[in-house]
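# Architecture at a glance
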Number of protein chains: 4
Amino acid sequence: MPRLVDKEETMTTIGFVGLGNMGSGIASNLMAGGHEIVAWNRSPGKVDDLVAKGARRAASAGAAFDAEVVFSMLADDAAIEAVIVASGALDAARPGATHVNLSTISISLARRLEALHRERGLGYVAAPVLGRPDAAAAGQLVILPAGDPAAVEKVRPLLELFARRVWPVGDEAYRANVIKLGCNFALAAMIETLGEAGALAAAHGVDPKDLFAVMTETLFAAPAYKTYAALIGERRFSPAGFAMPLGLKDVRLALQAGEEKHASLPIGSLLRDRFLEAIAHGDGELDWSALSLVSRRAAGLEA
Amino acid sequence: MPRLVDKEETMTTIGFVGLGNMGSGIASNLMAGGHEIVAWNRSPGKVDDLVAKGARRAASAGAAFDAEVVFSMLADDAAIEAVIVASGALDAARPGATHVNLSTISISLARRLEALHRERGLGYVAAPVLGRPDAAAAGQLVILPAGDPAAVEKVRPLLELFARRVWPVGDEAYRANVIKLGCNFALAAMIETLGEAGALAAAHGVDPKDLFAVMTETLFAAPAYKTYAALIGERRFSPAGFAMPLGLKDVRLALQAGEEKHASLPIGSLLRDRFLEAIAHGDGELDWSALSLVSRRAAGLEA
Amino acid sequence: MPRLVDKEETMTTIGFVGLGNMGSGIASNLMAGGHEIVAWNRSPGKVDDLVAKGARRAASAGAAFDAEVVFSMLADDAAIEAVIVASGALDAARPGATHVNLSTISISLARRLEALHRERGLGYVAAPVLGRPDAAAAGQLVILPAGDPAAVEKVRPLLELFARRVWPVGDEAYRANVIKLGCNFALAAMIETLGEAGALAAAHGVDPKDLFAVMTETLFAAPAYKTYAALIGERRFSPAGFAMPLGLKDVRLALQAGEEKHASLPIGSLLRDRFLEAIAHGDGELDWSALSLVSRRAAGLEA
Amino acid sequence: MPRLVDKEETMTTIGFVGLGNMGSGIASNLMAGGHEIVAWNRSPGKVDDLVAKGARRAASAGAAFDAEVVFSMLADDAAIEAVIVASGALDAARPGATHVNLSTISISLARRLEALHRERGLGYVAAPVLGRPDAAAAGQLVILPAGDPAAVEKVRPLLELFARRVWPVGDEAYRANVIKLGCNFALAAMIETLGEAGALAAAHGVDPKDLFAVMTETLFAAPAYKTYAALIGERRFSPAGFAMPLGLKDVRLALQAGEEKHASLPIGSLLRDRFLEAIAHGDGELDWSALSLVSRRAAGLEA
């Protein structure tokens, strides 16, 4: 994976909006690749580290959009609405700029953003990522870009700077968001499955870790299962790699995407109920794998 | 993996009860390992092939229990009750015989069998297996034996004859059944998850195969996901590797195991409803992965 | 409602099997109507009161079946199996006797009992009842008899002795059991609905009683709603009018009846999970309306 | 119930916004009570009938708010937002006016409206109604007003003009909305319960009407059960008294209200899934009681 700008490549000026745990790791990798970063964040303090490494500070989200390529990594639809749409940032974008939106957002907003960019002659690539903050910092994310193929090709070398794998998933941006929501839905369903199966085992006096060991070395020998079975088996929920309310948010996005097309997701509905119950119980600051405690408590087991 | 009796080993006389798709493959591997098989099956025709290969035909289940080691691979609790308990086969067992029960059964029957063997001075090893008939024939099953350690050690060389891996899971036989039920529950939950996520994608015009490709090469790169995502993505449900009613049976066993300890399994409850709906729709002879059609139909998609 | 045998009527000798809270009230009303009772109960102490009022004590269930009409009011399928089928009581029945089975049982057992009586030339009327022990004692039950019309007509005057209303529901006995299970399923669903709606109100600072008052004087002005809204609104769950495990049992019967015909009951599945959770939490001795506490706890409300 | 302005009463000028099936019946009753109506509707054609009866046509929603009392009966949150908030109608309100909002809206909007009126010195009464269009036309609604007691008392004589019963439910307006959502949630849960119980009966060859007859004359002898059991028993779903998407909307409002306080509503989640499935199947224009067809189809019964 290339980490430095090739002799033939031109350095690109990259706007970057949203420097949370994920965004700051990604922006650092883009800088390490030899590109210039113009950074903006709602809490300005988060830009300091990047500036110390040589990034420029943008005066506004709109100023960050005055760049050849703009990356955004924001928390949710509301943040995108506020920071990029309502703020007028898109109207301030440099002509011909391409916006790479790494955020996990709703399908309806994904479609709307596609249209808003098209109307302004801007490029738009949805590029949701698989991976947690440590993978972002290590440049080891899986990135699922979708959008106009020319735009995807244009930004692909930049994506490679922080990717383990760049996997284009279609010519329409929203497709990437559908796939991202599908993946996160499946992760949450897996957590609930491990929670229920683990509680069943524990109720019969079998350590869930014994069950999980068999599962994750045979049928379910996959990264996600190994990671989450370890967290759940050891009840190690803090610090949160991905906090409960974010899990609820993503399940809600999947449910909304289903509702838009009248596709029911009964496991999604169950997950929503379980997240609410976990948060009502006071576990909102734990990792979303603490959803498994709901099953333990329901079975009368020590949680 | 050894396929022949070592010079130092003694040939063992092995009773074998239950020669369906799984049992006949396993018995063949035991014979190929140099052991003598005394076989019995409710439908006697199924014994013919094995007899042609050199096995002896037992006149009754009880006669098959007149052996040093007896394997059983029966369909469900009712078959075990009829063939092994009510038939008096246990009372006809050779003194000191060890019974290796490969069947997927309820936890309550598992506990009862443990006691019935103990009362008669017989060894009892629960040894449920992970793998489909082709793995049984190829001697590539994962076997999860549990029970008295001496008994497990005694039969382990025999288990190795048809195993990819022999994985002892405890000193009490029922523990193996808990783990087996947990694995099958997780498989069914995975099928439902893939069904819902696939229907969500399809409702938005994204081919489920595109979603599954990303999933099974990244987060969910596990054998079970690869196998079932392929079946569901291609809607290839016939011939059934594991038929719908067997899936319902295993979910019911998990629910019963939960009920015994007041552990609710909401995904299990959902799965039960979905299996019933699939069977009511006429899909009872398809592979259990056809559960995914329930989600497609619910979303108004062509099934 | 007649309480005494008419001059034209003959006194009937009535066997009575099962003298729990419901049965003893009913038997007393039959005696008050001028009939002779021959009573049997598994715990013989429960017969004492009735004997003190003039009933005869039967030496066995079979002896109680040596009567013109036999009533049974037993807890569940297992009790019917043990007391009436396995005991040989049916074989000891007086030729031409008619058995009125008041118990709430499974549809499959209902069908089997119909056949067992037919084979022996005995009359069989399924007559499940609506009402709690106080209504039984007061002779105010709703009775839903079904079976051969001649048999129903024969026993109808006896049913009138403890009924507010006798409502024949068909020529095949099992139909009464289907209707009884449907009613109890609807009651449990109502309890869960009140529990969830009440928790929603409480979470918003509205006393559930305020919501229930509106409901039970307008849209839901029905006896069941009034009774249960009062219990749930005041969280008055002890002493149990109908204990949690009985509620679970009846939901299980509905689920089994559905499974027999591949009819899924998603609310039934949910109810099963909720009952298990309530019992796991230690509420198994409370009235089944305490199911509403599951919703309160899930919402983080004081239970 | 008074239908004419008392000699002592002053005629009130009443703004009326939203003249759909419900609103037009209510406005007619207010006019019949001797009051002057200034009417506005987004589709202006709907005002014609009322104008023919003597109402004045308002040029805008804001013009309708230039009145002593303003009633609104709009479809959902979005309509309220557009017609009353974003339009500036509140800013055009006559000083001291009282707004009576009959609409079924979200709890969060209810709270926001309370604040918006307070800031402007306007009275605000939430007054959701129970009853269908025929009851609105006949002046037979149950009305649940809540808000500042003085405001409620001020408008109460007007409410009496179209009410069977006026039932104040608290000093804070949002409380009325909580109770309204609770009632509609319970109605939807009842429909689903009848659907499942009816399908269970039908699967066993028992006409659901036989089950419903017993239910609605005994335990569940309530108006809502009688109405909906008749619709479901006869499968009479068209014309829609309350169309499927409105049912989905109200369930969604209940779920949102729960989510706001982390109160899960598992029956609500199930209802949402069932409504989506019904609409996906093409039943979106039927009465919401057609939700029962989902249970029939799931059981393989003719729908």
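Along each chain, residues carry numbers from 1 onward, in the same order as the chain's sequence is written. Working convention: letters from A go to chains and numbers from 1 go to ligands, in the order in which they are written. Side-chain atom pairs in this predicted model are given and counted only at pLDDT of 80 or more, local residue features only at pLDDT of at least 70, and totals for whole chains, interfaces and linings cover all residues.

## Observations concerning the overall build of chain A
Formally: Segments assigned H or I by DSSP are reported as helices when at least four residues long, segments assigned E as strands when at least two residues long, and all are numbered from the N terminus. The globule rule used for comparison is 2.2 Å times the number of residues to the exponent 0.38, while the radius of gyration itself is calculated over C-alpha atoms. Here the C-beta atoms are placed from the backbone, and a residue counts as buried if at least 20 other C-beta atoms lie within 10 Å of its own, exposed if 12 or fewer do, and partly exposed otherwise. Throughout, a pair of residues is in contact if the C-beta atoms placed from their backbones lie within 7 Å.
Within chain A, the secondary structure is distributed over 13 helices and ten strands. A compact globule built from 303 residues would reach a C-alpha radius of gyration of about 19 Å, and chain A, at 20 Å, matches this within 12%. Oriented by its inertia axes, the alpha-carbon framework of chain A measures out at about 65 × 40 × 35 Å. For chain A, the proportion of its 303 residues judged to be buried stands at 61%. For chain A, the proportion of contacts with a sequence separation of at least 24, taken over those separated by at least 6, is 65%.

## Quick look at the nonpolar core
Put simply, the rule reads: A set of buried Ala, Val, Leu, Ile, Met, Phe, Trp, Tyr and Cys residues, joined through C-beta atoms within 7 Å, is what we mean by a nonpolar core.
Judged by nonpolar contacts, the single largest core of 485 residues is most densely connected at A:Ala39, B:Ala39, C:Ala39 and D:Ala39. The residues contacting B:Ala39, other than those within four sequence positions of it, are B:Phe16, B:Leu19, B:Ala27, B:Val47, B:Leu50, B:Ala55, B:Arg57, B:Ala58 and B:Ala64.

## Here's the deal with the interface of chain B and chain A
Note the threshold: In the scheme used here, Gly and all other residues not listed as nonpolar or charged are polar, with Ala, Val, Leu, Ile, Met, Phe, Trp, Tyr, Cys and Pro taken as nonpolar and Asp, Glu, Lys and Arg as charged.
Residue-level contacts link 52 residues of chain B with 52 residues of chain A. At the level of elements, α8 (173-203), α9 (208-217), α10 (223-233), α11 (244-260) and α12 (266-280) of chain B are the ones that each hand at least two residues to the side of chain B that touches chain A. The element best represented in the side of chain B that touches chain A is α8(B), accounting for 17 residues. By residue class, the composition of the side of chain B that touches chain A is 38 nonpolar, nine polar and five charged.

## Considering the relation of the copies chain B and chain A
Here is the rule: All copies are superposed by least squares; the fitting set is the C-alpha atoms of residues with a pLDDT of at least 70 in both.
The operation relating chain B to chain A is a screw motion whose rotation component is 180°, with 0.0 Å of axial translation and a residual RMSD of 0.1 Å. Expressed as a symmetry operation, the mapping of one chain copy onto the other fits a two-fold axis. When C-alpha positions in chain B are compared against the rotation axis, the closest is assigned to B:Ala222, at 2.3 Å. A shared binding surface is used by both copies, with 100% of the interface residues of chain B retained as interface residues in chain A.

## Points about the sheet that holds strand β7 (residues 129-130) of chain B
Residue and element names in this part refer to chain B. Heads up, the condition is: What makes two strands pair is DSSP finding at least two bridges between them. Here an angle of 0 to 180 degrees is reported between the N-to-C directions of two axes, which are lines fitted to C-alpha atoms, with helices fitted over the stretch in contact.
Taken together, three strands build an open sheet; the order of strands is β7-β8-β10 and the sheet is mixed. Among the strands making up the open sheet, the edge pair consists of β7 and β10 (163-166). Note: β7 against strand β8 (residues 141-143), two bridges, orientation antiparallel. If you follow Leu-130 over to β8, its bridge partner there is Val-142. Against the sheet, helix α7 (residues 149-160) makes contact with β8 and β10, and its axis sits at roughly 155° relative to β10, the strand it touches most.

## Brief notes about the domain arrangement of chain A
All names here are of chain A. Defined as follows: For the domain bounds, the source is a domain assignment made automatically or taken from a database.
Taken domain by domain, chain A comprises domain 1 (13-171) and domain 2 (177-298). On a C-alpha basis, the centroid separation for the pair domain 1 and domain 2 is 28 Å. Across the boundary between the two partners, domain 1 contributes 13 residues, which contact 13 residues of domain 2. The element contributing the most residues to the side of domain 1 that touches domain 2 is helix α5 (residues 107-119), with three residues. Partitioning the side of domain 1 that touches domain 2 into residue classes produces eight nonpolar, three polar and two charged.

## Thoughts on the relation of the copies chain C and chain D
By a simple turn and slide, chain C fits onto chain D: the slide is 0.0 Å along the axis, the RMSD is 0.1 Å, and the turn is 180°. Both copies share a contact surface, since 100% of the interface residues of chain C are interface residues in chain D too.

## Thoughts on the interface of chain C and chain D
At the interface, 52 residues of chain C touch 52 residues of chain D. Secondary-structure elements contributing two or more residues to the side of chain C that touches chain D are α8 (173-203), α9 (208-217), α10 (223-233), α11 (244-260) and α12 (266-280) of chain C. With 17 residues, α8(C) is the largest single contributor of residues to the side of chain C that touches chain D. For the side of chain C that touches chain D, a count of residues per class yields 38 nonpolar, nine polar and five charged.

## Focus: the packing of helix α8 (residues 173-203) of chain D against helix α12 (residues 266-280) of chain D
Residue and element names in this part refer to chain D. Quick note on the threshold: Here the word oblique covers every angle except those under 35 degrees (roughly parallel), over 145 (roughly antiparallel) and from 65 to 115 (roughly perpendicular). Put simply, a crossing is left-handed when the front helix is turned counterclockwise from the back one by less than a right angle, and right-handed when it is turned clockwise.
In contact at an axis separation of 10 Å, α8 and α12 are set at 65° when each is read in the N-to-C sense. By the angle class used here, α8 and α12 are roughly perpendicular. Between α8 and α12 the crossing geometry is left-handed. From α8, Phe-185, Ala-188, Ala-189 and Glu-192 reach across to α12, where they touch Ile-267, Gly-268, Leu-270, Leu-271 and Arg-274. Among the residues forming the contact of α8 with α12, the class breakdown is six nonpolar, one polar and two charged.

## Quick word on the environment of A:Ala127
Residues and elements named next belong to chain A. Topologically, Ala-127 is positioned in the loop between β6 (123-126) and β7 (129-130). Spatially, the C-alpha atom of Ala-127 lies 22 Å from that of Leu-50, the residues being 77 residues apart in sequence. Excluding residues within four positions of it along the chain, Ala-127 makes contact with Val-100, Asn-101, Leu-102, Ile-143, Leu-144, Pro-145, Leu-159 and Ala-176.

## What about the sheet that holds strand β7 (residues 129-130) of chain D?
Paired through their backbone hydrogen bonds, the strands of a sheet run either parallel or antiparallel. Residue and element names in this part refer to chain D. Spatially, β7-β8-β10 is the arrangement adopted by the three strands of the open sheet, whose pairing is mixed. For this open sheet the edge positions go to β7 and β10 (163-166), each flanked by a neighbour on one side alone. Across the sheet, helix α7 (residues 149-160) lies against β8 (141-143) and β10, angled at about 155° from β10, the strand it touches most.

## Regarding the pairing of strand β5 (residues 98-101) of chain A
All names here are of chain A. The test is simple: When the strands point away from the viewer and the path from the first strand over the helix to the second turns clockwise, the crossover is right-handed.
The two faces of β5 match: Thr-98 and Val-100 on one face and His-99 and Asn-101 on the other face are all buried. Judged from the four bridges that link them, strand β4 (residues 69-72) and β5 form a sheet pairing that is parallel. The residue of β5 that forms the bridge with Phe-71 is Val-100. Read as a crossover between parallel neighbours, the route from β4 over helix α4 (residues 77-86) to β5 is right-handed. By the bridge criterion, four bridges tie β5 to β6 in an arrangement that is parallel. Along β6, the bridge assignment pairs His-99 with Tyr-124. Following the backbone out of β5, through α5 and into the adjacent parallel β6, one traces a crossover that is right-handed.

## Things to note about the environment of B:Ala137
Position of B:Ala137 relative to the elements: it lies in helix α6 (residues 133-137). The spacing of B:Ala137 and B:Gly23 is 114 residues in sequence and 8.9 Å in space, taken between C-alpha atoms.

## Examining the pairing of strand β6 (residues 123-126) of chain B
Residues and elements named next belong to chain B. Here β6 shows two buried faces, one formed by Gly-123 and Val-125 and the other by Tyr-124 and Ala-126. As judged from the two bridges shared by β6 and strand β9 (residues 146-147), these two strands associate in the antiparallel manner. Looking across to β9, one finds that Ala-126 is bridged to Ala-146.

## Some details on helix α9 (residues 208-217) of chain A
Listed as buried for α9(A) are A:Pro208, A:Leu211, A:Phe212, A:Val214, A:Met215 and A:Thr216. Buried residues along α9(A) sit against α8 (173-203) and α10 (223-233) of chain A together with α8 of chain B.

## Some remarks on α10(A)
All names here are of chain A. Just so we agree on the cut-off: Summarising the geometry, the arc corresponds to the directions from the helix axis toward the C-beta atoms.
Looking at α10, one finds that the buried residues are Ala-224, Tyr-225, Tyr-228, Ala-229, Ile-232 and Gly-233. Buried residues of α10, seen end-on, are gathered within an arc of 135° and therefore sit on one face of the element. Two residues or fewer after α10 comes Arg-235, characterised by a positive phi angle close to 45°.

## A few points about the confidence of the model for chain A
Using the following cut-off: One confidence number per residue, pLDDT, is output by the predictor and ranges from 0 to 100.
The pLDDT averaged across chain A works out to 95; a share of 97% of its residues lies at or above 70. Across the assembled chains, the prediction reports ipTM 0.95 with pTM 0.95.

## Structural notes on unusual backbone geometry
Cis geometry marks the peptide bond from C:Ser238 to C:Pro239, where omega comes out at 0°. Along the polypeptide, C:Pro239 turns up in the loop between α10 and α11. Look at B:Arg235: it is not a glycine, yet its phi comes out positive at around 45°. Here B:Arg235 falls in the partly exposed class, since 17 other C-beta atoms lie within 10 Å of it.

## A closer look at the packing of α9(B) against α10(B)
Residue and element names in this part refer to chain B. Two numbers describe how α9 lies on α10: the axes approach to 10 Å, and their chain directions differ by 175°. It follows that α9 is roughly antiparallel to α10 by the angle criterion. For the pair α9 and α10, contact is made by Pro-208, Lys-209, Phe-212, Met-215 and Thr-216 and by Tyr-225, Lys-226, Ala-229, Ile-232 and Gly-233, respectively. Of the residues contributing to the contact of α9 with α10, the split by class is six nonpolar, two polar and two charged.

## Observations concerning the environment of B:Leu113
Residue and element names in this part refer to chain B. Along the chain, the position of Leu-113 falls in helix α5 (residues 107-119). Residue class for Leu-113 comes out buried when judged on the 25 C-beta atoms lying within 10 Å of it. For the pair Leu-113 and Tyr-174, spaced 61 residues apart in the sequence, the C-alpha separation amounts to 9.1 Å.

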